[in-house]
Amino acid sequence: MNFLANKWVAPWLEGLGRIALLAREALGSLVLLRVPWRSVVYQVYYIGVKSQSVVLITGAFTGMVLGAQTYFQFHKVKMDTATLAVVSVSMCSELGPVLTALMVAGRVGASIAAELGTMRVTEQIDALRTLATHPVDYLVVPRLVAAHLALPLLTAEAICIGIGASYWVGVHLLGIDPTYSWYNAIRYTDAFDVLIGMTKAFIYGGIVALIGCYKGMTCSEGAEGVGRATTESVVYSSITILIANFFLTLSLGSIVHLL
Amino acid sequence: MIEVRDLKKKFGAQPILDGVTFRIETGESAVIIGRSGGGKSVLLKHLIGLLKPDSGEVLVDNQSIVSMNERELLPVRRKFGMLFQGAALFDSLTVAENVAFALRHNHRMAEGEIRRRVATALEMVDLPGTENKKPSELSGGMRKRVGLARAIIYEPQFMLYDEPTTGLDPVVSDSIDQLILRVRDRLKVTTVVVTHDMRSARRVGHRIFMLHGKKIHAAGTPEEIFHSADPVVRNFIEGVSNPKEITF
Ligand SMILES: Nc1ncnc2c1ncn2[C@@H]1O[C@H](COP(=O)(O)OP(=O)(O)O)[C@@H](O)[C@H]1O
Ligand SMILES: [Mg+2]
């Protein structure tokens, strides 16, 4: 038990603490200095372009599968026209943000960790420091701000594609009535569902960027270190997103309930 | 002025530096020699706060830097230029962007002025017209010279060189030595050179420190070091290895 605590729990807690310190440093830098918009725009572009294919495919096929499966169940109780409403609500508040974030963690989080990890092992981060530039200002802040901005955009894209694809499957392949489908979808999808989804996406963007930057900047020597940092950044951000999603659903849900 | 007092550093359980003490005056050039893996690069990184000692002091112009955090160190580092052993160029940027980095980020300078200075700096290191190349297109020696241009362009008060001539051909080595001397004398730069190129040590150093056994083993002018009777120093200068170490 003690062994377990030393081997797993202590490093885990230490990592969590260091990521919190990194977040504080980045926030301090944002407050103290101007946001480097040029690099932020470049990073948004980079994150967005890198993620187009995965986000489109994930969004479309998740929407289609969800639509088809919901139809098969609802058809038994003659609720065909509620299919799109179910797809729309679950895409907006759960599947859209979570799946997009997982995909972005796999593509962008990994590439951030690999890039910063390579910079670290080739002493480029040390060189940056000798040139009187804070690595957090130059490397972390643009990526963090860009991920915060890009993930809600990508999530919105995935949601639209998902609902559109599900509509297409429902109406053209399964023969659901299009007018009632739209009517129900709009009626049962609350503005709060969209708001919750966007809030989650905003938070997951920060998780992906922070863990990617942290893993890259603390990576150990050599090619092996960079490889490990890359893998770990994907694994840890995915797990963190899934766990955070549960708590966000609970807390955001109860906030909306209060309003 | 750079002063190091009783500096100790361990990586894990392995001690690398154990009580290093020396002082380098303003305008002086010091050469640190020692065996590969002896901790020369580690020592150099302590002078600019890239590494924190386990104990001991590092003073830059009478100001202790060991307890400063990363942000407090920024103004101190503005006084320093450093050439890394592997050049450490930013490989996502072009040569010109690498060289201009400090001017763009710390000195708010007009774009035309930056371009002019970059061209001058590249001229100085004998690489004119390479502005738009990427570091991956350059040879090791060229990269080192770009690294040098990047460090001297903002005319720092202190220059740290980590093995500036290692792995270069004799002609290029000679031009780098001359460049180090020129920078030192023209800008009155306090210079610290880590090397095991004895020819270069003799030319650029006012004083030579030998790092051996995790401490400064010997210190003196090049004349004193080259005529030293100390067996460790003699072996190093003459490049004699202990035959007992070679076993097949
Ligand atoms: N960041 C580090 N982590 C662990 N060990 C290190 C680190 N940097 C250097 N070392 C070790 O310190 C010793 C001295 O390295 P270094 O200063 O690079 O030697 P050199 O005198 O050739 O420049 C080496 O054994 C090296 O393995
Ligand atoms: Mg070295």
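For the structure, see preceding data.
Residues numbered from 1 in each chain as written. Chains lettered and ligands numbered in written order. Predicted model: local features only at pLDDT ≥ 70, side-chain atom pairs only at ≥ 80, totals over all residues. Heavy atoms only, no water.

Caption draft 1: The overall build of chain A, seen in detail. The secondary structure content of chain A amounts to 8 helices and 0 strands. Starting at the N terminus and ending at the C terminus, chain A contains elements arranged as α-α-α-α-α-α-α-α. The C-alpha extent of chain A, read off along each of the three principal axes, is 70 × 50 × 40 Å. In chain A, buried positions account for 46% of the 259 residues. Nonlocal contacts in chain A, meaning residues at least 24 apart in sequence, comprise 86% of its contacts between residues at least 6 apart. Accessible surface for chain A amounts to roughly 13100 Å². Of this, 71% is attributable to carbon and sulfur atoms. Taking the 16 positively charged and 15 negatively charged side chains of chain A as two groups, their mean positions are separated by 1 Å. (Helix = DSSP H or I, 4+ residues; strand = E, 2+ residues; numbered from the N terminus. Buried < 20%, exposed > 50% of the residue type's maximum accessible area, 1.4 Å probe, protein only. Contact = heavy atoms within 4.5 Å. Areas by Shrake-Rupley, 256 points an atom, 1.4 Å probe, with all protein chains shown as cover. Lys, Arg positive; Asp, Glu negative; His and termini not counted. Charge placed at Lys NZ, Arg CZ, Asp CG, Glu CD.)

Caption draft 2: Spotlight on the packing of helix H1 (residues 2–32) of chain A against helix H5 (residues 135–173) of chain A. Residues and elements named next belong to chain A. Running from amino to carboxyl end, H1 crosses H5 at an angle of 90 degrees, the nearest separation of the two axes being 10 Å. Relative to H5, H1 is oriented roughly perpendicular. Contacts from Leu 22, Glu 25, Ala 26, Ser 29 and Leu 30 of H1 reach H5 at Val 136, Asp 137, Val 140, Val 141, Leu 144 and Val 145. For the contact of H1 with H5, a count of residues per class yields 8 nonpolar, 1 polar and 2 charged. (Axes fitted to C-alpha atoms, helices over the stretch in contact; angles between N-to-C directions. Parallel < 35°, antiparallel > 145°, perpendicular 65-115°, else oblique. Nonpolar A, V, L, I, M, F, W, Y, C, P; charged D, E, K, R; others polar.)

Caption draft 3: Just the pattern of salt bridges, in detail. Going through the model one piece at a time under the given rule, you end up with 25 salt bridges over all chains. When the shortest N-O distance is used, the salt bridge between B:Arg77 and B:Glu70 registers 3.0 Å. (Salt bridge = Lys/Arg side-chain N within 4 Å of Asp/Glu carboxyl O.)

Caption draft 4: Seen up close, the sheet that holds strand E4 (residues 55–60) of chain B. In spatial order, the strands read E2-E1-E4-E5 (chain B); together these 4 strands make up an open sheet with antiparallel pairing. Strands at the two margins of the open sheet, each flanked by one partner only, are strand E2 (14–24) and strand E5 (63–64) of chain B. (Pairing = 2+ DSSP bridges.)

Caption draft 5: Examining the packing of aromatic side chains more closely. In the structure shown here, the tally under the stated rule is 9 aromatic pairs over all chains. Taking 4.8 Å as the distance between ring centres and 20 degrees as the angle between the ring planes, the aromatic pair formed by B:Phe80 and B:Phe158 counts as stacked. Within this pair, whereas B:Phe80 is found in strand E6 (residues 80–83), its partner B:Phe158 is found in strand E7 (residues 158–162), the two being separated by 78 residues in sequence. Judged on exposure class, the residue B:Phe80 and its partner B:Phe158 are both buried. Linked through ring pairs, A:Tyr42, A:Tyr45 and A:Tyr46 together constitute an aromatic cluster. One cation-aromatic arrangement involves B:Arg150 over B:Phe90; the distance from NZ or CZ to the ring centre is 4.7 Å. The side chain of B:Arg202 reaches across the aromatic face of B:Phe226, ending 4.0 Å from its centre. (Phe/Tyr/Trp six-rings, centres within 6.5 Å; stacked < 30°, edge-to-face > 60°. Lys NZ or Arg CZ within 6 Å of the ring centre and 35° of its normal.)

Caption draft 6: Highlighting unusual backbone geometry. All names here are of chain B. You will see that Asp 6, though not glycine, has its phi angle at about 50 degrees, which is positive. Mapped onto the elements of the fold, Asp 6 is located in strand E1 (residues 2–11). You can call Asp 6 partly exposed: its relative accessible area is 38%. Positive phi, close to 70 degrees, is recorded for Ala 87, a residue that is not glycine. Tracing the backbone through its elements, the reader meets Ala 87 in the loop between E6 and helix H3 (95–106). Given the relative accessible area of 2%, Ala 87 is considered buried.

Caption draft 7: Broad picture of the coordination of the magnesium ion (ligand 2). Residues and elements named next belong to chain B. Only Ser 41 (OG) and Gln 85 (OE1) from the protein reach the magnesium ion (ligand 2) as donors, at distances of 2.0 to 2.3 Å. Of this pair, Ser 41 sits in helix H1 (residues 40–47) while Gln 85 sits in the loop between E6 and H3, and the two are 44 residues apart along the sequence. What makes Ser 41 buried here is its relative accessible area of 19%. Judged by its relative accessible area of 35%, Gln 85 falls in the partly exposed class. (Donors = N, O, S within 2.8 Å, 3.2 Å for Na, K, Ca; no water.)

Caption draft 8: Region of interest: the interface of chain A and chain B. Between chain A and chain B, the contact holds 21 residues from the first and 24 residues from the second. Taken together, the two surfaces of chain A and chain B that pack against each other cover about 1900 Å², and 55% of this comes from carbon and sulfur. In terms of surface lost to chain B, no three residues of chain A exceed A:Arg129, A:Thr130 and A:Leu131, which account for 33% of the buried area on that side. Taking the shortest distance from any N to any O, the salt bridge between B:Lys45 and A:Asp126 comes out at 3.9 Å. (Buried area = accessible area lost by both parts, 1.4 Å probe.)

Caption draft 9: Local environment of the side chain of A:Thr100. All names here are of chain A. The residue Thr 100 is located in helix H3 (residues 83–121) in this model. Within the local environment of Thr 100, its side chain forms a polar contact with the backbone oxygen of Gly 96, the two atoms lying 2.6 Å apart. Apart from the residues within four sequence positions on either side, Thr 100 is in contact with Val 55, Leu 95, Leu 151, Leu 154, Thr 155 and Ala 158. (Polar contact = N/O pair within 3.5 Å; in protein donor to acceptor, adjacent residues only side chain to side chain.)

Caption draft 10: The site of ligand 1, seen in detail. Residues and elements named next belong to chain B. In the vicinity of ligand 1, the contacting residues are Phe 11, Ile 16, Arg 35, Ser 36, Gly 37, Gly 38, Gly 39, Lys 40, Ser 41 and Val 42. A distance of 2.8 Å separates an oxygen atom of ligand 1 from a polar backbone atom of Lys 40. Between ligand 1 and Val 42, the relevant distance is 3.0 Å, taken from an oxygen atom to a main-chain nitrogen or oxygen of the residue. Look at ligand 1: alone it shows 570 Å² of surface, and the protein chains cover 61% of it. Examining the composition of the shell around ligand 1, we find that 3 residues originate from one element, H1, more than from any other. (Near = heavy atom within 4 Å.)

Caption draft 11: Seen up close, helix H7 (residues 191–217) of chain A. Residues and elements named next belong to chain A. Given a rise of 1.5 Å per residue, 27 residues ought to cover 39 Å, and the 39 Å separating the end C-alpha atoms of H7 matches this to within 8%. For H7, a buried count of 19 out of 27 residues is recorded, marking the element as mostly surrounded by other parts of the structure. One side-chain oxygen of the residue at the start of H7 lies 3.0 Å from the amide nitrogen of Phe 192, identifying that residue as Asp 190. (Expected span 1.5 Å × (residues − 1).)

Caption draft 12: Representation of the sheet that holds strand E3 (residues 29–34) of chain B within the structure. Residues and elements named next belong to chain B. One open sheet accounts for 6 strands, arranged E6-E7-E8-E3-E9-E10; its pairing is mixed. At either end of the open sheet lies a strand with only one pairing partner, and these are E6 and strand E10 (215–220). Going from strand to strand, the sheet's axes swing by 15 degrees on average, the running direction of each strand aside. Those strands touched by H1 are E3, E6, E7, strand E8 (190–194) and strand E9 (207–212), and its axis lies near 160 degrees from that of E7.

Fair warning: the whole summary comes from geometry, so function is off the table for now.
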